[in-house]
Amino acid sequence: MEAATYYTATKKYELSFPSLEQDIDVDVVVIGGGFSGVNTALELAEKGIRNVAVLEAKYLGFGGTGRNGGQIMAGIGHDLSKIRKDVGEDGLRAIFEISDLGAEIIQARVDRYDIDADFCRGYGYLGYNGRQAATLRQWEREFRSLNPPHEIRYLEGSEVREIIGSEVYSSALLHMGGGHVHSLNLLLGEAQALVGHGARIFEFSPAVEVTYGETIKVRTPKGSVTARKLLWACDSFLNGLEPELHRSTINTHAFQCVTEPLSDALIEQISPIRGAYSDIRPVIDYFRVTRENRLLFGSATPYIEHIPSDLKAWNRALMLKVFPYLQDVKIDLAWGGPMACSPNLFPQIGSLPGHGNVYFVQGYTGFGVTPSHVICKILAEGMTEGSPRYDLISAIRRSTLIGKDQIRPLIVSAGKIWHQASGFANGRR
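Analysis parameters
- Residues numbered from 1 in each chain as written.
- Predicted model: local features only at pLDDT ≥ 70, side-chain atom pairs only at ≥ 80, totals over all residues.
- Heavy atoms only, no water.
- Helix = DSSP H or I, 4+ residues; strand = E, 2+ residues; numbered from the N terminus.
- Expected span 1.5 Å × (residues − 1).
- Buried < 20%, exposed > 50% of the residue type's maximum accessible area, 1.4 Å probe, protein only.
- Contact = heavy atoms within 4.5 Å.
- Salt bridge = Lys/Arg side-chain N within 4 Å of Asp/Glu carboxyl O.
- Pairing = 2+ DSSP bridges.
- Polar contact = N/O pair within 3.5 Å; in protein donor to acceptor, adjacent residues only side chain to side chain.
- Axes fitted to C-alpha atoms, helices over the stretch in contact; angles between N-to-C directions.
- Parallel < 35°, antiparallel > 145°, perpendicular 65-115°, else oblique.
- Left-handed = near helix turned anticlockwise from the far one by under 90°.
- Nonpolar A, V, L, I, M, F, W, Y, C, P; charged D, E, K, R; others polar.
- Arc of directions from axis to C-beta.

Undergrad: Before we go on, may I ask you to explain helix 12 (residues 408-425) in this structure?
TA: Note: α-helices contain 3.6 residues per turn, so residues at a spacing of three or four share the same orientation. Helix length check: helix 12, at 18 residues, gives a terminal C-alpha distance of 26 Å against a target of 26 Å (1.5 Å per residue), a fit within 8%. Of all the residues in helix 12, the buried ones are Val412, Ser413, Lys416, His419, Gln420, Ser422 and Gly423. Looking at the packing, one finds that the buried side of helix 12 touches strand 11 (250-259). Gly427, located one to two residues past helix 12, shows a positive phi value of around 75°.

Undergrad: Honestly, the pattern of salt bridges in this entry has me stumped. Any pointers?
TA: Charged atoms that come close allow side chains of opposite charge to pair. Enumeration over the complete set of coordinates arrives at 30 salt bridges. Residues Asp285 and Arg281 are paired through a salt bridge, measuring 3.0 Å at the closest nitrogen-oxygen approach. Each of the salt bridges in this network shares a partner with another, and the network as a whole consists of Lys12, Asp116, Asp118 and Arg291.

Undergrad: Help me understand the pairing of strand 13 (residues 286-289), please; the structure alone is not making it clear to me.
TA: Two faces belong to every sheet, and in a regular strand the side chains alternate between them. Residues of strand 13 alternate between two faces, with Tyr286 and Arg288 on one and Phe287 and Val289 on the opposite face, all of them buried. Where strand 12 (residues 276-279) hands over to strand 13, the hairpin turn is made up of six residues, counted between the paired strands. Two strands pair when backbone bridges link them, and strand 13 and strand 14 (residues 295-299) are joined in this way by four bridges, in the antiparallel orientation. When the sheet's bridge partners are listed, Arg288 is paired in strand 14 with Leu296. Joining the antiparallel neighbours strand 13 and strand 14 is a turn of five residues, in which Asn293 adopts a positive phi near 65°.

Undergrad: Explanation requested: the side chain of Ser278 in the structure shown.
TA: Looking at the secondary structure, you find Ser278 in strand 12. Classification of Ser278 by relative accessible area gives buried; the value is 1%. Among the polar contacts made by the side chain of Ser278, one reaches the side chain of Tyr123 at a distance of 2.9 Å. Once residues lying within four places of it in the same chain are set aside, the contact partners of Ser278 are Met73, Tyr123, Gly124, Tyr125, Leu126, Ile284, Asp285 and Tyr286.

Undergrad: Help me understand the packing of helix 2 (residues 35-46) against helix 10 (residues 369-383) in this model?
TA: Working note: a packed helix pair is described by the angle between its axes plus the distance between those axes. In the contact formed by helix 2 and helix 10, the axes pass within 8 Å of each other and the chain directions differ by 45°. Considering the angle they form, helix 2 stands oblique to helix 10. Here helix 2 runs over helix 10; the crossing is right-handed. Packed against helix 2, whose contacting residues are Phe35, Ser36, Asn39, Thr40, Glu43 and Leu44, the element helix 10 presents Val369, Ser372, His373, Cys376, Lys377, Leu379, Ala380 and Met383 at the interface. Considered class by class, the residues forming the contact of helix 2 with helix 10 number seven nonpolar, five polar and two charged.

Undergrad: Would you mind going over helix 4 (residues 102-113) with me for this structure?
TA: Over its 12 residues, helix 4 runs 17 Å from end to end, which matches the ideal 16 Å to within 8%, given 1.5 Å per residue. The complete set of buried residues in helix 4 reads Gly102, Ala103, Ile105, Ile106, Arg109, Val110 and Tyr113. Considered in projection along helix 4, the buried side chains sweep an arc of 165° and stay on one side of the axis. Seen from the buried face of helix 4, the exposed residues on the opposite side, beyond 90 degrees, are Asp111 and Arg112. The positive-phi residue at the C-terminal boundary of helix 4 is Asp114, with phi of around 50°.

Undergrad: Sorry if this is basic, but what is going on with the environment of Gly177 here?
TA: Here Gly177 lies in strand 6 (residues 171-180). The spatial distance from the C-alpha of Gly177 to the C-alpha of Trp314 is 31 Å, given a sequence separation of 137 residues. With residues near it in sequence (within four places) discarded, Gly177 still touches Ala103, Arg121 and His150.

Undergrad: Please explain unusual backbone geometry as it appears in this structure.
TA: Across residues other than glycine, the phi torsion is negative in most instances, and most of the peptide bonds are trans. For Phe204, which is not a glycine, the phi torsion comes out positive at approximately 50°. Checked against the element boundaries, Phe204 lands in the loop between strand 7 (200-202) and strand 8 (209-211). Judged by its relative accessible area of 49%, Phe204 falls in the partly exposed class. Its identity as a non-glycine residue notwithstanding, Leu345 has a phi of 60°, on the positive side. You can see Leu345 is positioned in the loop between strand 15 (331-341) and strand 16 (348-352). On the accessibility criterion, Leu345 (14% relative accessible area) is buried.

Purely geometric stuff here, so don't read any function into it on its own.
What follows is the structure, encoded as C-alpha cells:
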C-alpha cells in the first residue's frame, strides 16, 4: 500500500509493474526505482542501451523521489567549497557550470515525452539578515556569469514582497530558471518513457544477494538478473547490502506537509509568482504552491536529529513563522522519511574499487530532484563512452563514517550543529 502523501494523492499515472519471477539476462541491471535509477536507465536507453532491468524493492517513488518538496533549484550539493581540495579551482568552475543544467534537462524531458508533472518556473532564495543578503548578491553575480536565458534579480526590502508574501525575509534572489514540479508524476512519466524504449521495470523485487564478477548476478526472492553492468541507486534504502557504499553515507530525515486548498487571492498573497522558495540557512525551510492551490511546506530538525511525534503540528508551527496569516488554514497531510547524506554534502558517483562494472550513485543530502537529473546524465556517460565531467565528479573522495550504525542520531546531530555553526562564516546564517 502506498504511503499517504500529497504526491500519491495527486498522481496522474496509474502505473504498476510485475515482480521478477524468472531468470533474465540484461546488459545493465539497476537496483533502485527512484529518480537516480530510472533517470540513469532512461539516459542509457536514449543512448541505445535498452536491454536494461530496474529492480525496485517496493514501488516506484517509495523513497525520497515520492516525498520531497518538488523544488527545482540551481546547484549540486550544499557548498562547493567542501570539494575544492578534490577538484581544484578549475574543477569547481566546471562543476558550477554543470550544476546549472538541471532545470533544462527536466524541461527537455517533460517536453520530449509529454510528461504531465505540473512543471512551473519561478524560484526565490530568501535571506533573513545582512550576511545572507551578501551571499544572495554573490549568487546573483555567479548565476549571471553563466549568461542564462532566464531572469535573475536580487531584491531587498519592500521589493521582496514582489515575489513572496512574508514579512520575515529582508532579501531575496529571484531565479526564473528554477521552479517546481510534481516529482512523483515526473518519475512515473520518465518510467513510462523508459519502458517505451524497451527496458523492463520490476516492482516488489528487492535484491537479496549480489555476486560480482565479469558478469554480475542479482538474486531476488523469486528470480534473478544476470548482467554485464550494475548500478546501485538505493540512496537512503541501501540497508547495508553493499558494505563499501553503506559506510560512506548516513541517513537523516526531512518532513513535509500540505495545506487544504486555498483561495486564488490567498495563493496570490503567498506567492505572486506561483513559485517555489527556500531560505539559505544550513538547514532550510522550503515551500511552494501547487497546481491545486495548496501550500506545500517542508524542513528538517535544525540541531537534534529526531522524528517529531506529530508531523502536522511540527510542520504547521514552522509554516506559521513564515505565514502567520495562515493560522486558520487546515493541514491536510504530513509525511516524512530518510534521506542519505554524504560527509561533504555532495552526491557520490563512480565505480567500486576492484569492480569496474559496478557503479553507484547516492548521497544527495536532501537536494535530489534537480541534481539527480544532472548527475545521472553524467553517470550514464561514465557507464558508456566516458567523459571528462564523469572523471571529474567520480574522482571526488568518499569518506567512511565510523559508528554510523551504532550512534547515527548522535553523529547526525553533531553534523547539524557543526553545519549550523559554519553557516556564520560562509554567509548562510
